[in-house]
Each structure stands twice: as C-alpha cells, then as structure tokens.
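Summary of structural features
Each chain is listed here by its residues.
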Amino acid sequence: MSPGTTAQRSTAVIGLQWGDEGKGKIVDLLAEQHDVVVRYNGGANAGHSVVVDGERFSLHLLPSGILRPGVHSVIANGVVIDPDQLLSELDSLRSRGIEPGPLAVSDRAHVVMPYHKAEDAVRETVLSEGGGGASLGTTGRGIGPAYAEKVQRGSAVRVGDLLRPEVLGRRIRTAIELKRPLFEAFAAHVSGEAWDVDTVVRQARSWGEQLAPHVADTRRLLQDAVASDRRVLFEGANATLLDIDHGTFPFVTSSSPSVHGIGTGTGLPPSAIESVIGISKAYQTRVGAGPMPTELRDATGDAIRERGREYGTTTGRPRRCGWLDLVALRYAAEINSVDTIALMLLDVLAGFDELKLCTSYRIDGVTTDVFVPDTSALEEARPVYTTLEGFSQDVTSSRLADDLPANALAYVSFVSDYVGVPISIVSVGPDRDQTIALGGEALR
Ligand code: GDP
Ligand code: IMO
Ligand code: MG
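What you see is a predicted model; the values in this text were computed from it and never measured.

All right, on to the site of ligand 1 then. Lining the immediate surroundings of ligand 1 are 21 residues, of which Lys-23, Gly-47, Ser-49, Asp-347 and Ser-427 lie closest. Note that an oxygen atom of ligand 1 is positioned 2.9 Å from one of the side-chain N or O atoms of Arg-56. One of the side-chain N or O atoms of Ser-427 is found 2.5 Å from an oxygen atom in ligand 1. If ligand 1 stood free it would expose 580 Å²; the protein chains cover 93% of that surface. Spatially, ligand 1 is embedded in the second largest pocket. Where the shell around ligand 1 is concerned, the elements lending two or more residues are α1 (23–31) and β3 (48–52).

With that settled, the discussion passes to the site of ligand 2. As a matter of local geometry, ligand 2 sits amid 20 residues, with Lys-23, His-48, Thr-139, Asn-238 and Thr-253 nearest to it. Lys-23 is positioned with one of its side-chain polar atoms (N or O) 2.6 Å from an oxygen atom of ligand 2. Thr-139 is positioned such that a nitrogen or oxygen atom in its side chain is 2.6 Å from an oxygen atom of ligand 2. Protein chains shield 97% of the accessible area of ligand 2, which is 550 Å² for the free molecule. At a threshold of 2 Å from the grid points, most atoms of ligand 2 map onto the largest pocket. Tallied by class, the residues present in the shell around ligand 2 amount to 7 nonpolar, 10 polar and 3 charged.

In this structure, Asp-20 (OD) and Gly-47 (O) serve as the protein donors to the magnesium ion (ligand 3), at separations of 2.0 to 2.2 Å. In this pair, Asp-20 is assigned in the loop between β1 (11–15) and α1 and Gly-47 in the loop between β2 (36–39) and β3, connecting sequence segments 27 residues apart. Residue class for Asp-20 comes out partly exposed when judged on its relative accessible area of 23%.

What follows covers the packing of helix α2 (residues 83–95) against helix α6 (residues 197–211). In contact at an axis separation of 10 Å, α2 and α6 are set at 40 degrees when each is read in the N-to-C sense. In terms of orientation, α2 lies oblique with respect to α6. Every pair of crossing elements has a handedness; the one defined by α2 and α6 is left-handed. Of the residues in α6, those in contact with Pro-83, Asp-84, Leu-86 and Leu-87 of α2 are Gln-203, Trp-207, Gln-210 and Leu-211. Counted by class, the contact of α2 with α6 contains 5 nonpolar, 2 polar and 1 charged residues.

On to the nonpolar core. Counting 71 residues, the largest nonpolar core has Phe-234, Leu-346, Leu-349, Tyr-361, Tyr-411, Val-415 and Val-419 as the members making the most contacts within it. Non-local contacts of Val-415, meaning those with residues more than four positions away in its chain, are made with Leu-324, Leu-326, Leu-329, Leu-343, Leu-357 and Ile-423. Phe-57, Leu-61, Leu-67 and Phe-183 belong to the second-largest nonpolar core, a separate cluster that totals 41 residues.

Strand order in the open sheet made by the 10 strands is β9-β7-β5-β2-β10-β1-β11-β15-β19-β20, with mixed pairing throughout. Every interior strand has two partners, whereas the edge strands, β9 (215–216) and β20 (435–437), have only one. Of the strand pairs in this sheet, β2 and strand β5 (residues 72–75) are connected by 4 bridges, and their pairing is parallel. Bridging across to β5, Val-38 finds its partner in Val-74.

Rules used throughout
- Residues numbered from 1 in each chain as written.
- Chains lettered and ligands numbered in written order.
- Predicted model: local features only at pLDDT ≥ 70, side-chain atom pairs only at ≥ 80, totals over all residues.
- Heavy atoms only, no water.
- Near = heavy atom within 4 Å.
- Polar contact = N/O pair within 3.5 Å; in protein donor to acceptor, adjacent residues only side chain to side chain.
- Areas by Shrake-Rupley, 256 points an atom, 1.4 Å probe, with all protein chains shown as cover.
- 1 Å grid on protein atoms, 1.4 Å probe; cavity = no way out; pocket = protein on both sides within 12 Å on 5 of 7 lines; lining within 4 Å.
- Sits in = over half its atoms within 2 Å of the grid points.
- Helix = DSSP H or I, 4+ residues; strand = E, 2+ residues; numbered from the N terminus.
- Nonpolar A, V, L, I, M, F, W, Y, C, P; charged D, E, K, R; others polar.
- Donors = N, O, S within 2.8 Å, 3.2 Å for Na, K, Ca; no water.
- Buried < 20%, exposed > 50% of the residue type's maximum accessible area, 1.4 Å probe, protein only.
- Axes fitted to C-alpha atoms, helices over the stretch in contact; angles between N-to-C directions.
- Parallel < 35°, antiparallel > 145°, perpendicular 65-115°, else oblique.
- Left-handed = near helix turned anticlockwise from the far one by under 90°.
- Contact = heavy atoms within 4.5 Å.
- Core = buried A, V, L, I, M, F, W, Y, C linked by side-chain atoms within 4.5 Å.
- Pairing = 2+ DSSP bridges.

Dropping the structure here:
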C-alpha cells in the first residue's frame, strides 16, 4: 500500500486516545518505507500487535519494525527497559523462526529493576486501600517507579551501568536501602528476591552480559541516520491522553507519549520529524482507571468490546468501550500537530443501526467543545452526541474507499471534518492488507 503523504519521509506514529489504537499495525506497515524504527518512550507497559498473514505478534519493548527484514530497530534513551522482557521477546521471535534484524539499545535508557515492579504493586495497593479505591490501574510493569528513580538520579541504573560492576552494585544497594522501609511495611505483597541486593546485582550483571552487543549511543546513531537521509520512523508507545503532562493526570503513564517526547526521548531536534500520523480507533477505549466521558456501560459497550476483541495486549484486562470522543480527538490532534490520521477498526462498527459521535460535553450546565485535561471536570462531563446512520455491510474485505458503504464513508468524513485533519488510512482488520489508503486529502 502507499500510505498517502507519509511515504518517503521521517514519520512519527502517535496514539491519539488512551492507547491500543493500532499503532503496532501502522508502524509495521510504514516500516517497509523506512530504514530505522525507534521507540522513544514508555516501556513494557506498551503492547503492540502486529498480524502477518494471520499470525499475531505482541511486542512490548521491541519496535514494531522488527518483523521487516532490513529495518534497523532502536530503543532510545527515553524508554525504560525491563531486560528480562526484552530478552524474552528476542527469544520468542527466534523460536518462531524470525531472526531479528539489527537492534541498538541506548546506553542512557533506564533499567526497570525488580524492585520497581514490586514498588508499582505496593503503590497500587496503598492507593486502592488507603486512598479509597483510587488506584491508577497501572500495568504493573514498574514504569512509574523506574521513571521516578530516573528523575531522582543518584540511585538510578542506566543500561550503560549494567556493564560497570562497581557503579551497578552501589546504585542497586542505594536504591534498595531507600525503599527498604516501604518493602518492610508491605512485605506480604513483595517477593524477597525483588529487594535482595546480591540477587538483584547478580541478575543485573547477567543482563549486562546479554545486552552488551546491542548497547550503543543511539543519539549519535540516529543523528547520523538523519544526516544521511535515512528515513526514521518514531513509534509512540502509550498515547496522548496518557501523557504525563498533557493527559488526564493522575490517570496517565509516566512518560511523554506525544510527539513532544521524541526530542528528549531520542536527542534528535524537532526538524528530524517531517510528518506526524495520529492513530485513532473509530470508537473509544480505555484500560485502567480515569475519566472517559463516552464510556458505555451497557449492551452497546459490550458489543463493541466483543466485536473489537477489546482485551489488553499487555494485561488481558477488558477494555472500557464507548463512542468516539471527537472533543478529545481534536485536542490530541492539536497537541501533536498531526498531518494525517489513520482511523482504525472501522470494521468493528458494522452492524450498529446508528453510530454516535461525541461533539461536545455538558459540564456543570455549560456546553463546551474544548477538551481540558482536568480529571474532575471530565468526570462530570456528559457527552453530547451527533448521530449518524450505521452500516450493516461487513467491510473487512474492502480495499478501496469505493468498496466502503456510503454510511461508512460519511462517518469517516465527519471525523475528518470535525478534527480538521485529513484521514489518510482506514483500517478494516488487523492484517496488513486490511488497509485502505485514502491518499491524504481524499476525504476532505
Ligand atoms: P497498539 O497498542 O496501539 O499497537 O494497539 P494494540 O495492538 O494494543 O491493540 C489494537 C488491536 O486491534 C490489536 O489486537 C490489533 O491486531 C487490532 N487491530 C488493528 N487494526 C485493526 C482493525 O482495523 N480492525 C480490527 N478488527 N482489529 C484491528
Ligand atoms: P499501548 O502502547 C493502553 C495505561 C494503564 C494505566 C495507566 C498507567 O499498548 O497503547 P503504567 O503501567 O504506564 O503506569 O499505567 O496507563 N497504559 C496503557 N493503556 N495502552 C497502553 O500502551 C498503555 N500504557 C499505559 O492501563 O491506566
Ligand atoms: Mg496496546
């Protein structure tokens, strides 16, 4: 396929909702036209599915270009890396007969340690019990504690430190000493191994030995790639509404999944990003806690969940489902200055008599179409819908815009007009070929 305006350029693929928009599928598709695919944020909280000829791959840390021969994969400094997870993903690909291409891992990326995962679990327990059920619903992958350790500095372990035994032992000992009171207080929730200094140091040294061939100065590598006109594809993990600064705080992740994370997460200047493609489902989902104005806790929400197989790639949790929230989508498109949108999972909407689109909110008696990422206001927000006629035809075999029923096209046009951004791709199934390229301006 030729994905419209994004061909032949360095491109950022960014989730515009609360995650799981189908970024993995689009990165895999676009990787064919890029030389390097880079993860710049998040960690193994991401779960990106790529389906090739009916075979499904779930990637958490490896960039989704890894399935394309010849593409270089980079895990840049902004990512927090759980080495066990990374090594097991590499092994799993090999056991399925796929030899991963070149992989570079930043020496400056931070390491998710066993005590970060333990701390994640303890914090969720405390927030849930002590905070009146206010846990965040994290993925339990240690993401928040690992980024906190990074910001606190002195006790953090970076990938480069895994190769420096003296530094490594000191950092791990310090981190565990600082966390000891917490772990002692919640010993029932935490495995002793997670905060036993000798065990963790041994494990970390072994990670260093295994990762050593991949460790690199990825900023330099990427800078050279850009300077020599190699095309770089930036793979956002998590999504804009989960952004630590611009998302629905505190129900967010601990990194910057939006386009703004690319600069700090790679060290490249903004000029390295030539095109931004925003990824959105044709409806709304969220996994974990936090406001979601269009959530449907009824048979329609259940029908979307079942048809879309809306269960988490990372945790298996059922995703909360609802109608597409255009107020939030326009905000996310604006934050990222997206050039085009890929509208995913349109096939899931086939069979509903009518399709609703949230075009404004009523908050405290006031109607607004401006999204403010303020959790208290969003919890009060009542969606105001525009209703369009549904389409009954199965669209999973559609390959051209002309194959789509008129009502499906009208739905896509409505979204594009509201957000003010062309829709360049419509996805009608998980497989690579279940993709309709609309060629940039086609629907506007
Ligand atoms: P990501 O985190 O943004 O990469 O998305 P996930 O992989 O977590 O979730 C998206 C899910 O939707 C995966 O199971 C994909 O295989 C699937 N998917 C992607 N595009 C489509 C589509 O157009 N239609 C359907 N039915 N499924 C899709
Ligand atoms: P991908 O890349 C969906 C959500 C979690 C939780 C919150 C904080 O697959 O789209 P964390 O473990 O990051 O501290 O959890 O963020 N979350 C995601 N939800 N898709 C993701 O990634 C997510 N990454 C984090 O469910 O609500
Ligand atoms: Mg996902």
